[in-house]
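# Results of the structural survey
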Amino acid sequence: MIWLLLAVTVINAYLLGLAGYRLFLSTKQFAREASKTSQLLSELSDYESSAPEPAQAVTKADLETTLAARRALIARRARLREQRERRLISRIRDIDLDKRWS
């Protein structure tokens, strides 16, 4: 009977030691992450805050250049979209259906 009590006590001490070790590892990891977070927060507070510049109304003199820039932007976006579609179509054409099921 005493051996059973001794075995239970040893097993409980072992399990308690394992739980303590896991708690120690978790605390160590938490301290590491907390120091990293405080370092990142200190770096974040070092940056200057910049206020956005208010938008200015377009004058008649700037209207033509603004419209030309807008048309160029729209054309560039359309060209990029077409290039993306061409790449996708070429990738789809390159798929070998026979190898897909093997």
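Residues numbered from 1 in each chain as written. Predicted model: local features only at pLDDT ≥ 70, side-chain atom pairs only at ≥ 80, totals over all residues. Heavy atoms only, no water.

## Topic: the overall build of the chain
Put simply, the test is: A run of H or I in DSSP becomes a helix once it reaches four residues, and a run of E becomes a strand once it reaches two; helices and strands are each numbered from the N terminus. Radius of gyration here is computed from C-alpha atoms only, and the compact-globule reference equals 2.2 Å multiplied by the residue count raised to the power 0.38. Only the protein chains shown count as cover for residues, and the accessible areas themselves come from Shrake-Rupley with a 1.4 Å probe. Neither His nor the chain ends is counted toward charge; the positive residues are Lys and Arg and the negative residues Asp and Glu. Every charge is mapped onto a representative atom, which is NZ of Lys, CZ of Arg, CG of Asp or CD of Glu.
Along its length, the chain carries three helices and zero strands. When the elements of the chain are put in sequence order from the N terminus, they spell out α-α-α. By the compact-globule yardstick of 13 Å for 102 residues, the chain is too spread out, its C-alpha radius of gyration being 33 Å. Principal-axis analysis of the C-alpha atoms places the extent of the chain at approximately 100 × 60 × 15 Å. Summing over all exposed atoms, the chain offers an accessible surface of approximately 10,400 Å²; the carbon and sulfur share of this is 62%. If you average the places of the 18 positive and of the 12 negative side-chain charges in the chain, the two averages end up 6 Å apart.

## Points about the pattern of salt bridges
Heads up, the condition is: Any carboxyl oxygen of Asp or Glu within 4 Å of a side-chain nitrogen of Lys or Arg constitutes a salt bridge here. Throughout this description, buried means an accessible area under 20% of the type-specific maximum (1.4 Å probe, protein chains only), exposed means over 50%, and partly exposed covers the range between.
For the structure on display, the rule yields one salt bridge. Between Glu33 and Lys36 there is a salt bridge, and its shortest N-O distance comes to 4.0 Å. Separated by three residues within a single helix, Glu33 and Lys36 lie in helix 1 (residues 2–46), roughly one turn from each other. What makes Glu33 partly exposed here is its relative accessible area of 34%.

## A few points about the UniProt feature "transmembrane region" (unreviewed entry) in the chain
Counted only if it meets this: UniProt positions are given in the numbering used here, feature names are shortened, and annotations may be inferred rather than shown by experiment.
Under the local residue numbering, the UniProt record ascribes the feature "transmembrane region" (unreviewed entry) to residues 6–25. Helix makes up 100% of residues 6–25 and strand 0%, with an end-to-end C-alpha separation of 29 Å.

## Structural notes on a nonpolar patch on the surface
What counts is decided by this rule: The patches reported here contain residues having more than 30% relative accessible area and no salt bridge. Joining distances are 9 Å for like charges and 5 Å for nonpolar side chains (Val, Leu, Ile, Met, Phe, Trp, Tyr).
Side chains of Ile2, Trp3, Leu5, Leu6 and Val10 sit close together on the surface and give an oily, nonpolar patch of about 600 Å² of accessible area. Note that Leu6 resides in helix 1. Judged by its relative accessible area of 45%, Leu6 falls in the partly exposed class.

## What to know about the domain arrangement of the chain
Convention followed: Domains are outlined according to an automatic or database domain assignment.
Once the domains are mapped, the chain shows domain 1 (1–49) and domain 2 (58–101). Computed from C-alpha coordinates alone, the two centres of domain 1 and domain 2 are separated by 53 Å.

## Notes on the environment of Pro52
Counting through the fold element by element, Pro52 comes out in the loop between helix 1 and helix 2 (60–93). Note on Pro52: relative accessible area 75%, which makes it exposed. In this structure, the C-alpha to C-alpha distance between Pro52 and Ile92, residues 40 residues apart in sequence, is 44 Å.

## A word on a positive patch on the surface
A contiguous patch of positive charge, built from Arg70, Arg76, Arg77 and Arg79, is present on the exposed surface. Here Arg70 is to be found in helix 2.

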